Structures are given as structure tokens and as C-alpha cells.
Amino acid sequence: MKIVIPGGTGQVGGILNRALTAAGHEVVVLTRRPSRAGEVAWDGTTPGPWTAAVDGSDVVINLAGRSVSCRYTQVNLREMMRSRVDSARVVGEAIAAAARPPRVWLQMSTATIYAHRFDAPHDEATGEIGGAEPGVPDYWAFSIEIAKEWERAQEEAATPETRKVALRSAMVMSPDRGGVFDVLLRMVRLGLGGPVAGGAQYMSWIHDRDFVRAVEFLVDRNDLTGPVNLAAPGPLPQRDFMRALRAAWGVPVGLPATKWMAQLGAFALRSDTELLFKSRRVVPGRLREAGFDFAYDSWPAAAEDLVGRVRAARMAK
């Protein structure tokens with residue numbers, strides 16, 4: 001198949017590119033700064049010569065959008081909104097104008113669309129969309145609006161010959177440098193991998209190999225459209241998540257961080273505390289109903305695999 005990945009130069013794009021290329025597919029990455037074979041220039045906003053890559057492709061997987069690893073200032077939040085909505089809109093325009101449109105368009109979304117809660121998990125059928133939770137910072141609601149507008153841009157695209165799926169993805173865990181697992185493992189190695197603000201907030205996640213397998217599953221399943229949660233079925237509180245990661249690395253203790261300590265750390269890392277404090281308890285309702293079988297449904301087993309791959313890569317150097 002010919003697979004086009006707008007915004008495919010980040011961590012998740014790299015995971016998909018490697019796996020899909022290894023499986024024998026032709027992968028074309030749309031990027032603002034093409035630097036290698038298989039990359040095509042685009043600006044994520046306007047149609048251009050890049051639309052020729054979409055015309056005649058089999059699958060489009062749009063990952064484009066400004067990274068969430070930043071301070072959630074008004075300027076950065078607006079740029080997150082603009083980059084996601086504009087890219088989804090222009091991808092839809094390219095598909096609508098194609099003489100031979102792709103048969104499926106997978107659009108990245110986020111599990112952050114669900115409400116901050118501890119008492120019950122969110123699936124696609126019964127999950128509560130966030131934005132009105134009491135006792136959370138006001139700007140968290142803007143993150144929900146970004147997710148809703150992101151999905152709406154895909155929904156409203158006039159692409160009758162192309163099946164559309166919104167990937168409500170949890171954090172993708174891979175051993176790649178610079179990814180979220182790399183950051184968490186570095187904290188563990190420094191002795192800082194303890195509970196944050198008590199650690200009761202849930203962490204949803206998906207192993208990188210299950211992420212790829214889920215994408216392939218969704219490409220093949222012509223009966224699935226609309227939002228799909230890409231998350232392992234075992235979300236767990238942050239304190240338990242970090243305890244399992246410490247055990248996988250062989251570190252018995254991780255220093256806890258109070259709320260104000262986490263705020264200082266996020267400021268120093270130019271990140272935001274929403275990524276630490278929001279409880280994301282998301283489960284894969286539609287994937288499991290459709291018969292998808294997770295290779296890594298338990299975080300301790302997933303952490304062991306990821307740690308083993310990190311160590312193997314170091315030994316190979």
C-alpha cells in the first residue's frame with residue numbers, strides 16, 4: 001500500500017514509518033523541512049504540490065500538530081489549536097479533490113478529550129467528554145476544545161469515498177530518545193520516579209508495537225469509523241505506574257514530588273503540569289469489541305519489554 005503520513009517526523013511518526021516500511025509499504029511523509037528520501041514539503045495549512053502524494057494513495061494517517069510538550073501559555077494553546085485544525089482541514093480538502101482518494105483517513109486525536117476523573121474509566125460509548133469538571137484549572141478546558149475542534153475538522157470534511165477514523169490516543173510508550181518513556185525512565189534513573197502530588201491520577205498508555213498493530217487493524221477493518229480509543233486496557237494510578245517502571249529498571253525507591261515541586265519541575269522543563277496532574281483513565285472499548293488482541297495489556301510486562309529494548313540498544317553501541 002501507499003501510505004501518506006502528514007506530520008510524520010515526530011516520535012509517533014517515526015514508529016509508524018519504521019514499522020510500515022519494514023512491512024513492505026510505500027511511506028510518504030509530509031513535513032515542513034524535508035531532508036531525506038520519502039519526505040515531501042508541505043506547510044500544514046494550504047494545498048500545494050504535496051496533494052499529488054495523497055491522490056492515488058491507499059491510506060492517510062495525519063499526525064500533524066504542535067507538540068504538547070511546552071508551557072500552556074495562551075500563545076502556545078492557540079498554536080496547538082491552529083496547527084491541528086488547519087492540518088486536518090487541508091488534508092480533508094486534498095482528499096476531497098483527489099481523483100483517486102484514499103480508502104481510509106486515520107486522524108490523530110487525543111485521549112485528553114475525556115474528563116479528569118478517578119472513579120470510572122472512559123470508553124467511546126460511555127466516556128465523559130471533559131471541559132466542565134469542577135476544581136481543575138480553567139485552561140484545561142481549552143485543551144478539550146482543541147481536541148473537539150481537531151475531530152470536528154475531520155468529521156466535516158466532504159470525503160464520501162474515504163472512511164474516517166479519529167485516533168484518541170493515549171501516551172505511546174517506545175524506547176526512542178526524546179519520547180515520553182525516555183523522559184519517565186530518566187526520572188527513574190535519577191531517583192525521581194516516585195508519586196507526583198500523591199500519585200492517584202490515572203495514566204493511560206499504549207505500547208508502541210500495539211499502537212502500530214492497532215493502526216494496521218483499523219486500516220483493515222472497513223466497518224470501523226469515528227472515534228477509537230488507542231489505549232491499553234490497563235490504565236493505572238501514577239504511583240503504581242512509576243513503581244512498575246522502577247521495578248523494571250531495578251531501582252527500589254523513587255522520591256515523591258509534591259504539587260509545588262512538580263510545578264517547579266514542569267517550569268524548568270518548559271512543560272505543563274496538566275500532563276502530570278490530569279487523571280486520564282481511558283480504555284479501548286471499540287478495539288476490544290472488534291476483536292483486537294493487545295500484546296501488552298499490562299503495564300509491568302510492557303515496562304519490562306521497553307526497558308529490555310533500551311538496554312539492548314545501549315549494549316549494541
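See above for the structure.
Residues numbered from 1 in each chain as written. Predicted model: local features only at pLDDT ≥ 70, side-chain atom pairs only at ≥ 80, totals over all residues. Heavy atoms only, no water.

Looking at this structure, I do not really get the packing of helix 5 (residues 180–189) against helix 11 (residues 299–316). What am I missing?
The geometry of a pair of packed helices is captured by two quantities: the angle between their axes and the separation between those axes. Between helix 5 and helix 11, the shortest axis-to-axis distance is 12 Å and the interhelical angle comes to 85 degrees. Put simply, helix 5 runs roughly perpendicular to helix 11. Residues F181, L185 and R189 of helix 5 touch helix 11, and the partners they reach there are W299, L306, V307, V310 and R314. Tallied by class, the residues present in the contact of helix 5 with helix 11 amount to six nonpolar, no polar and two charged. (Axes fitted to C-alpha atoms, helices over the stretch in contact; angles between N-to-C directions. Helix = DSSP H or I, 4+ residues; strand = E, 2+ residues; numbered from the N terminus. Parallel < 35°, antiparallel > 145°, perpendicular 65-115°, else oblique. Contact = heavy atoms within 4.5 Å. Nonpolar A, V, L, I, M, F, W, Y, C, P; charged D, E, K, R; others polar.)

I tried to follow the environment of Q201 on my own but got confused; where do I start?
Within the secondary structure layout, Q201 lies in the loop between helix 5 and strand 8 (202–203). The exposure class assigned to Q201 is buried, which follows from its relative accessible area of 4%. For the pair Q201 and R117, spaced 84 residues apart in sequence, the C-alpha separation works out to 8.0 Å. (Buried < 20%, exposed > 50% of the residue type's maximum accessible area, 1.4 Å probe, protein only.)

Mind showing me how you'd approach unusual backbone geometry here?
Generally, phi is negative for residues other than glycine and the peptide bonds are trans, each holding for most cases. Located in the positive-phi region is A197, a residue other than glycine, with phi close to 50 degrees. Summarising the element assignment, A197 is placed in the loop between helix 5 and strand 8. The partly exposed category is assigned to A197, whose relative accessible area is 38%.

Honestly, the pairing of strand 2 (residues 26–31) in this entry has me stumped. Any pointers?
On any regular strand, side chains alternate: one points to one face of the sheet, the next to the other face. In terms of residue burial, strand 2 counts as a mostly covered element, since five of its six residues are buried. Bridging between strand 1 (residues 2–6) and strand 2 involves five bridges; their strand directions are parallel. Residue pairing in the sheet places I5 in a bridge with V29 of strand 2. Handedness of the strand 1-helix 1 (residues 11–22)-strand 2 crossover: right-handed. (Pairing = 2+ DSSP bridges. Right-handed = clockwise from strand over helix to strand, strands pointing away.)

For this particular structure, what's the right way to read the sheet that holds strand 5 (residues 104–108)?
Sheet strands pair via backbone hydrogen bonds, and the direction of the pair is either parallel or antiparallel. Within the open sheet, the seven strands sit side by side as 3-2-1-4-5-6-10. Their pairing is parallel. Here the strands that pair on one side only, and so sit at the sheet edges, are strand 3 (39–41) and strand 10 (226–230). Each adjacent strand pair in this sheet contributes to an overall mean axis angle of 25 degrees, direction not counted. Pairing between strand 6 (residues 163–169) and strand 10: five bridges, direction parallel. When the bridges of strand 10 are listed, R168 appears paired with N229. Sheet strands in contact with helix 6 (residues 208–220) are strand 4 (59–62), strand 5, strand 6 and strand 10, and its direction is about 160 degrees off that of strand 6.

When you look at the side chain of D208 in this model, what are you seeing that I'm missing?
For D208, the location among the structural elements is in helix 6. Here D208 falls in the buried class, since its relative accessible area comes to 4%. At 2.8 Å, the side chain of D208 forms a polar contact with the side chain of R309. Excluding residues within four positions of it along the chain, D208 makes contact with I15, V172, M173, S174, P175, L306 and R309. (Polar contact = N/O pair within 3.5 Å; in protein donor to acceptor, adjacent residues only side chain to side chain.)

When you look at the packing of aromatic side chains in this model, what are you seeing that I'm missing?
Any two aromatic rings considered together are summarised by their centre-to-centre distance and by the angle between their planes. Applying the stated rule across the entire model yields six aromatic pairs. Cluster of aromatic residues (ring-pair linked, three or more members): F181, W205, F241 and W299. In this structure, R84 is placed above the aromatic ring of W150, and the distance from its NZ or CZ to the ring centre is 4.8 Å. We note R311 situated over the ring of W249; from NZ or CZ to the ring centre the distance is 4.0 Å. (Phe/Tyr/Trp six-rings, centres within 6.5 Å; stacked < 30°, edge-to-face > 60°. Lys NZ or Arg CZ within 6 Å of the ring centre and 35° of its normal.)

Looking at this structure, how should I read the packing of helix 5 against helix 7 (residues 238–249)?
Their axes nearest at 10 Å, the elements helix 5 and helix 7 cross at an angle of 70 degrees. Relative to helix 7, the element helix 5 lies roughly perpendicular. Residue-level inspection shows F181, L184, L185, V188 and R189 of helix 5 in contact with helix 7, the latter providing F241, M242, L245, R246 and W249. Its residues placed into classes, the contact of helix 5 with helix 7 shows eight nonpolar, no polar and two charged.

Taken by themselves, the reported measurements are silent on function.
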